Amino acid sequence: MRPLMNPTHHVKASSSRITIRTGVKLMAICLIVVTVPVALYVRVKSKDSPKFSKAERFVTSTRRAKDTVTVQAAGRGKPFLNFQNGHEMSVTYRGDQAAVAALQSGGAQPRALASADFDRNGTPDVVAGYAFNGAGIITLQRGNPDAFAPTDDSVFARIQQGYNPDSLLPGADVYSVPVSPDFLVTGTFTKDGKKGVVFAAKGGGLYLMKGKSDGRFGDPEQINLPGPVTALAAGEFRAADGITDLAVGVSGSGGDALLIFDNGGDGFSNALVQYQLSSPASAIEFGGLDDDLYTDVVVGDGSEVLVVHGWGRKEQVAAESRVERLNVGSGVRGLALGEFEWDREGRSEIAALTYDGTVHIVENGKLDTRPFTDAEKALRTRANLKPKKLTQQDIESGPSWKSSQSAGWKDGKQILGSNLSADLPKPLMKTNLAHKEMDEVMLVGQSQSQLEILRPLSTTDPTPAPDQAVLVSGDTAKITMDVQSTPVAALALPSKLNGVQDLVVLDSTSTNLSIVPDAPNTTITVDRTDDPSGASLAAASACTGAANDCSLRGALQFANNAANNNTTISLPANTYILSTNGTSAGGCDGNAVGDLGANQTMSIVGAGAATTIIRQTGTGPANDGDRVMCMNEPFTLNLIYNFSGFTMVGGRDGTSAGTG
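The text that follows walks through the structure, step by step, so that each part is easy to find. None of these values were measured; they are calculated from a predicted model. (Residues numbered from 1 in each chain as written. Predicted model: local features only at pLDDT ≥ 70, side-chain atom pairs only at ≥ 80, totals over all residues. Heavy atoms only, no water.)

## Notes on the overall build of the protein
Then step 1. The secondary structure content of the protein amounts to seven helices and 41 strands.
Then step 2. Here the protein, with 660 residues, has 52% of them falling under the buried criterion.
Then step 3. Partitioning the contacts of the protein with sequence separation of at least 6, the portion at a separation of at least 24 is 62%.
Then step 4. A total accessible area of about 29600 Å² is found for the protein, and carbon and sulfur atoms account for 52% of it. (Helix = DSSP H or I, 4+ residues; strand = E, 2+ residues; numbered from the N terminus. Buried < 20%, exposed > 50% of the residue type's maximum accessible area, 1.4 Å probe, protein only. Contact = heavy atoms within 4.5 Å. Areas by Shrake-Rupley, 256 points an atom, 1.4 Å probe, with all protein chains shown as cover.)

## Notes on the environment of Pro-462
Then step 1. On the secondary structure map, Pro-462 appears in the loop between β27 (450–456) and β28 (470–473).
Then step 2. We classify Pro-462 as partly exposed; its relative accessible area is 43%.
Then step 3. In this structure the C-alpha to C-alpha distance between Pro-462 and Pro-79, which are 383 residues apart in sequence, comes to 7.3 Å.
Then step 4. Not counting residues up to four positions away in its chain, the partners in contact with Pro-462 are Pro-79 and Phe-80.

## Thoughts on the sheet that holds strand β23 (residues 359–364)
Then step 1. One open sheet holds the four strands; their spatial order is β21-β22-β23-β24, and the pairing between them is antiparallel. Since the sheet does not close on itself, it has two edges, and those belong to β21 (332–338) and β24 (409–415), each with one partner. Neighbour to neighbour, the strand axes of the sheet diverge by 25° on average, direction disregarded. (Pairing = 2+ DSSP bridges. Axes fitted to C-alpha atoms, helices over the stretch in contact; angles between N-to-C directions.)

## Description of the packing of aromatic side chains
Two descriptors summarise a pair of aromatic rings, namely the distance from one centre to the other and the angle between the planes of the rings.
Then step 1. Taken as a whole, this structure holds nine aromatic pairs when the rule is applied.
Then step 2. Residues Trp-342 and Phe-372 carry aromatic rings whose centres are separated by 5.6 Å and whose planes lie at 90° to one another, so their mutual orientation is edge-to-face. Here Phe-372 lies in the loop between β23 and α5 (374–379) and Trp-342 lies in the loop between β21 and β22 (349–354), a separation of 30 residues in the sequence.
Then step 3. Overall, Trp-342 belongs to the partly exposed group, its relative accessible area being 23%.
Then step 4. One aromatic cluster is present, formed by Phe-118, Tyr-175 and Phe-217 through successive ring pairs.
Then step 5. In this structure, Arg-158 packs its charged tip against the face of Tyr-163, placed 3.9 Å from the ring centre. (Phe/Tyr/Trp six-rings, centres within 6.5 Å; stacked < 30°, edge-to-face > 60°. Lys NZ or Arg CZ within 6 Å of the ring centre and 35° of its normal.)

## Considering the pattern of salt bridges
Then step 1. Under the criterion given, the structure shown has 30 salt bridges.
Then step 2. Between Lys-426 and Glu-285 there is a salt bridge, and its shortest N-O distance comes to 2.6 Å. Placement of Lys-426 in the loop between β24 and β25 (428–431) and of Glu-285 in strand β17 (residues 281–287) is noted, with a sequence separation of 141 residues between them.
Then step 3. Exposure remark for Lys-426: the relative accessible area of 45% places this residue in the partly exposed category.
Then step 4. The class of Glu-285 is buried, set by a relative accessible area of 17%.
Then step 5. A salt bridge links Arg-553 to Asp-531; the nearest nitrogen and oxygen atoms lie 2.8 Å apart. Here Asp-531 lies in the loop between β33 (522–525) and α6 (535–539) and Arg-553 lies in helix α7 (residues 552–559), a separation of 22 residues in the sequence. Across the pair, exposure class does not vary: Arg-553 and Asp-531 are buried alike.
Then step 6. Taken together, the shared-partner salt bridges connect Arg-238, Asp-241, Asp-262, Arg-313 and Glu-396 into one network. (Salt bridge = Lys/Arg side-chain N within 4 Å of Asp/Glu carboxyl O.)

## Some remarks on the environment of Ile-243
Then step 1. Note on placement: Ile-243 falls in the loop between β13 (229–235) and β14 (245–252).
Then step 2. Ile-243 gets classed as buried once you look at its relative accessible area, which sits at 16%.
Then step 3. The spatial distance from the C-alpha of Ile-243 to the C-alpha of Gly-265 is 6.7 Å, given a sequence separation of 22 residues.
Then step 4. Setting aside its immediate chain neighbours within four residues, Ile-243 contacts Thr-188, Phe-189, Thr-190, Lys-191, Glu-236, Gly-264 and Gly-265.

## Concerning the state of the cysteines
Then step 1. The final tally for this structure, using the stated rule, is two disulfides.
Then step 2. The side chain of Cys-588 participates in a disulfide bridge whose partner is Cys-630; the two sulfur atoms lie 1.8 Å from each other. With the S-S dihedral at roughly 85°, the linkage between Cys-588 and Cys-630 falls on the right-handed side. Here Cys-588 is found in the loop between β35 (574–578) and β36 (596–598), whereas its partner Cys-630 is found in strand β39 (residues 629–631), with 42 residues between them in sequence. A single burial state applies to Cys-588 and to Cys-630, both of which are buried.
Then step 3. By sequence-ordered numbering of the bonded cysteines, the protein has its disulfides arranged as 1-2, 3-4. (Disulfide = S-S within 2.5 Å.)

As structure tokens, then:
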């Protein structure tokens with residue numbers, strides 16, 4: 001018995017035969033019915049495929065470096081900088097075949113650089129962004145442990161013998177991404193503490209690639225925004241909580257706006273605040289620009305710079321009450337925050353690059369540029385620092401900036417330049433390649449095929465010799481480096497253990513990274529283990545390379561000379577005795593007696609922690625001992641100390657120093 005059928009869907013069979021022509025038509029209809037779903041599936045798949053780094057065609061390919069100088073830098077910037085010529089790095093790409101081929105052939109266009117320690121091994125890894133075929137590519141190149149955090153003590157001895165390890169390893173992981181990464185930032189964007197990247201196309205969408213436990217990245221995830229991106233920055237807004245925040249400029253149907261996200265751990269789902277702008281945001285930076293405990297955000301808005309002051313999470317504020325506006329004219333193109341003008345409190349200034357090529361140094365109205373008197377300098381030392389009882393404070397309830405207490409801002413200095421030759425996402429950046437108190441401003445794309453560094457000069461800086469590559473105008477030195485083609489992005493890595501700091505450069509005609517080394521001022525070797533003092537210390541501080549003229553204390557005496565800032569001290573395997581008693585119960589009374597005093601940027605490289613020992617045997621004035629070392633006794637800003645490959649023993653900080 002057959003089941004009952006709905007007569008509506010029952011068709012009586014025709015008794016006539018199907019002709020050849022009718023059969024062909026039926027076959028065609030069937031093919032169309034079968035093909036349509038397949039075609040739609042392929043189309044969607046094709047559209048989505050650039051978004052993912054999971055590729056079936058995984059390849060490895062090496063792009064050899066050119067055997068030519070890519071950045072003419074040797075000798076330029078002296079006496080502040082000690083550049084050597086820049087050269088490309090050879091690189092071995094690993095990833096999707098099409099992306100690797102684009103990098104290998106030069107078909108990918110360089111766009112951006114950023115850095116973080118993604119695999120947590122103590123070295124800076126570098127990510128580079130490229131545009132390709134309407135989408136993008138991101139490469140991840142690992143830092144070299146030999147340069148920053150050796151896993152084998154034999155590396156220290158090799159460094160003492162002249163080994164200068166590359167900052168980066170030659171391998172690079174390749175990720176295909178859905179948009180050109182014109183903006184590329186790094187940070188801890190998730191609650192698990194792993195570092196990842198956020199990127200965006202100029203005029204496009206915003207994406208997050210979360211960090212994985214192996215130091216690689218997950219698939220791109222789009223962050224919903226009310227419009228396409230015009231500017232991007234990452235940092236900690238308000239009080240630091242360990243999760244990186246985002247500030248994004250967007251241009252949508254609701255107009256131009258700045259969005260600040262403070263919920264990275266929850267996926268940047270909702271902006272903390274949104275500020276309407278008069279023009280598309282052209283640049284954004286994070287930094288501290290007032291006297292409170294909280295980090296602020298600065299954004300370029302047409303001819304204005306807006307400062308958004310941070311506040312505690314337990315304080316209720318009106319968003320607009322946190323804003324200061326200042327006019328710099330000509331349209332803001334780039335921003336950088338740093339110590340561009342010396343002052344007593346170490347306040348940060350705003351460097352604003354306008355479209356006519358002028359860099360404006362915008363200063364806080366409270367800036368006090370009076371130099372310290374000799375009497376003030378004598379009091380302003382660690383030896384005179386009195387211990388204070390620590391009190392607990394809820395940082396989220398602390399006092400924050402108030403407009404009634406603001407002294408405003410002023411356009412303190414203008415440094416004239418040429419018109420911008422390229423519309424780059426980040427044409428201005430802060431550096432401190434001289435390792436001194438004041439920062440530099442680096443200009444990328446300011447002039448065709450050149451990098452420019454603007455170095456503020458202090459009253460104690462030596463006058464540079466007349467040189468074509470160093471032009472002095474007023475209190476600013478301009479250093480120029482010629483690049484093989486228009487520079488697109490630059491990134492200063494941390495100093496290596498030997499004191500060399502590498503500048504990474506991407507230019508418009510090569511996908512390879514170029515490395516420009518900035519070497520130490522000089523390198524000296526300690527050649528005696530005793531501790532001469534008094535009149536004998538001068539002879540042991542010569543450190544000329546002649547026999548027996550460089551003790552450990554003498555080496556620091558040499559390195560503390562301002563003219564020798566950024567010295568590398570080589571400490572061969574041995575035990576170095578400190579026996580000269582200090583004269584102050586609190587210690588930190590200069591380098592000549594008691595504690596060693598390290599008061600300029602310097603690097604000290606031993607031959608290994610087990611074989612290179614610094615032993616303090618001094619009893620101090622109160623018979624409770626001296627420390628081994630006191631660092632930055634005069635509270636100088638921005639000093640860098642790189643100490644590795646040795647062990648300190650015997651130092652004491654007893655009751656007479658107020659420490660118990």
